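Architecture at a glance
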Amino acid sequence: MVHPAIEPTETGMLDVGDGQLVYWEASGNPNGKPALALHSGPGVGSSPGRRRAFASAGYRLVQFDQRGCGRSTPSVSDPSVGLEHNTTHHLIDDIERLREHLGIERWLVWGASWGTTLALAYAQRFPQRVSELVLLSVTLARPSDVHWLYHEAGRFFPAEWARFREGAPEGDRHDLVAAYDRLLNEQPDPEVRAKAAADWCAWEDAVLSLEEGWKPWDRFSDPAFRMTFARLCAHYFSNAAWLGEDELLRNMGRLAGIPGVLIHGRFDIQGPCDMPWLVAQAWPGAELELLPVGHSGGEAMMARMVEALARFAPGSR
């Protein structure tokens with residue numbers, strides 16, 4: 001049973017330096033076990049709906065909007081806002097500042113999609129601050145993973161990928177992520193930038209279109225959200241999230257002793273299931289469950305997530 005919709009018990013704007021203010025909120029039981037939810041994207045922002053699953057298990061859930069997106073400021077929907085202070089390492093530092101600001105010693109860390117990459121990177125740097133990890137639709141942001149999503153996955157959607165490819169300058173189509181990064185983050189013409197954001201988001205939507213119950217994501221109809229999402233995705237993925245080659249896999253030993261649950265769809269075109277399998281092989285104590293679903297997961301993934309949260313909830317052991 002998932003808790004009915006609830007409102008936050010606390011909200012704030014945390015000054016993390018570099019002229020950045022990060023929106024955060026806490027919900028659920030103020031005295032419950034702390035949990036941190038890391039949103040997907042990059043650039044999607046926190047979700048009000050996520051509060052419900054954690055509240056039903058008695059957690060104190062903390063969410064925040066990563067730099068430049070959601071209610072954090074300045075918003076990168078304004079193309080004049082630079083991205084030089086927006087990297088994975090900045091986000092990891094922001095998480096630690098937020099933990100210290102809230103007086104939390106350790107917390108369960110949850111992530112989905114891009115949020116799993118960030119969760120693993122954070123936990124490997126600060127394993128003493130993480131009690132458990134629950135990760136859905138695992139991604140690693142390696143160059144090979146990025147190339148799969150924005151090039152090779154086009155074999156499933158040839159017409160849609162052809163349109164995505166044609167949106168890049170002809171001489172740059174060997175690396176579409178780098179080409180779009182230049183269009184979105186270096187191109188001075190606002191119409192060119194706007195078209196690039198729309199083309200990027202159309203491809204992101206297409207990759208999910210085979211999943212049961214799929215509908216075009218209504219948030220992509222908002223030009224400001226499109227610009228935020230596309231700019232940050234292209235920026236992060238063209239830089240392989242500032243992680244070394246196989247860095248996350250090489251450092252999985254740092255998570256020894258931290259329980260983890262990985263829930264992933266066997267039919268996930270966006271992130272093939274060899275990614276969570278490799279993580280589980282390298283991480284002592286991780287459990288992997290592969291479901292007959294895609295990247296979004298639907299009700300089946302939600303049910304497994306609720307079970308994992310209940311298992312790690314206060315008083316469950």
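For the structure given in this document, a descriptive report is provided here. (Residues numbered from 1 in each chain as written. Predicted model: local features only at pLDDT ≥ 70, side-chain atom pairs only at ≥ 80, totals over all residues. Heavy atoms only, no water.)

**Points about the packing of aromatic side chains**
Here is the rule we go by: Here a Phe, Tyr or Trp ring, Trp counted by its six-membered ring, pairs with any other such ring whose centre lies within 6.5 Å, and the pair is stacked when the planes are under 30 degrees apart, edge-to-face when over 60, and tilted otherwise. Helix and strand definitions follow DSSP, with helices as H or I runs of at least four residues and strands as E runs of at least two, each counted in order from the N terminus. Counted as over-ring charges are cases with an Arg CZ or a Lys NZ within 6 Å of the ring centre that also lie within 35 degrees of the ring normal.
Inspection of every chain in the model, using the stated rule, returns 21 aromatic pairs. Arranged with centres 6.2 Å apart and planes meeting at 40°, the rings of Tyr150 and Phe164 form a pair that is tilted. On the criterion of sequence distance, the pair formed by Tyr150 in helix α4 (residues 143-150) and Phe164 in helix α5 (residues 158-166) is long-range, its members being 14 residues apart. Note that Arg71 overlies the ring of Tyr23, its terminal NZ or CZ placed 3.9 Å from the centroid. Geometry around Phe312 places Arg311 over its ring, the cationic atom sitting 5.4 Å from the centre.

**Focus: the side chain of Ser27**
The test is simple: Whether a residue is buried, partly exposed or exposed follows from its accessible area with a 1.4 Å probe, protein chains only, as a fraction of its type maximum: under 20%, in between, or over 50%, in that order. Every residue pair with non-hydrogen atoms within 4.5 Å of one another is taken to be in contact.
Within the element layout of this structure, Ser27 appears in strand β2 (residues 20-28). Overall, the relative accessible area of 1% leaves Ser27 in the buried class. Excluding anything up to four places from it in sequence, Ser27 contacts Ile6, Glu7, Pro8, Thr9, Arg51, Tyr59, Arg60 and Leu61.

**Overview of unusual backbone geometry**
The residue after Gly41, namely Pro42, is reached through a cis peptide bond having omega 0°. Tracing the backbone through its elements, the reader meets Pro42 in the loop between β3 (33-38) and α1 (50-56). Of note, the bond from Thr73 into Pro74 is cis; its omega dihedral lies within 30 degrees of zero at -5°. Note that Pro74 resides in the loop between β4 (59-64) and α2 (88-102). In the Ramachandran plot, Ser137 falls in the positive-phi region, its phi being about 55° despite a non-glycine side chain. Residue position: Ser137 is located in the loop between β6 (130-136) and α4. Under the relative-accessibility criterion, Ser137 is labelled buried at 4%.

**Structural notes on the nonpolar core**
Which entries qualify depends on this criterion: Buried Ala, Val, Leu, Ile, Met, Phe, Trp, Tyr and Cys residues form a nonpolar core when they are joined through side-chain atoms within 4.5 Å.
Among the nonpolar cores identified, the biggest contains 81 residues, and Leu120, Leu133, Tyr150, Trp200, Trp203, Val279 and Trp283 are the most heavily contacted of them. With nine residues, helix α8 (residues 223-238) is the single largest residue contributor to this core. Beyond its immediate chain neighbours, meaning those up to four positions away, Trp203 contacts Leu149, Tyr150, Ala153, Gly154, Phe157, Glu160, Trp161 and Phe164. Ala35, Val261, Ile263 and Phe312 belong to the second-largest nonpolar core, a separate cluster that totals 23 residues.

**Comments concerning the sheet that holds β3**
Threshold: Between any two strands, at least two bridges found by DSSP are needed for them to pair. The axes are straight lines fitted to the C-alpha atoms, using for helices just the contacting stretch, and the angles between their N-to-C directions are given from 0 to 180°.
Strand order in this open sheet of eight strands is β1-β2-β4-β3-β5-β6-β7-β8, and the pairing throughout is mixed. Strands at the two margins of the open sheet, each flanked by one partner only, are β1 (10-17) and β8 (286-291). The sheet shows a mean angle of 20° between the axes of neighbouring strands, direction not considered. Pairing geometry for β3 and strand β5 (residues 107-112), over four bridges, is parallel.

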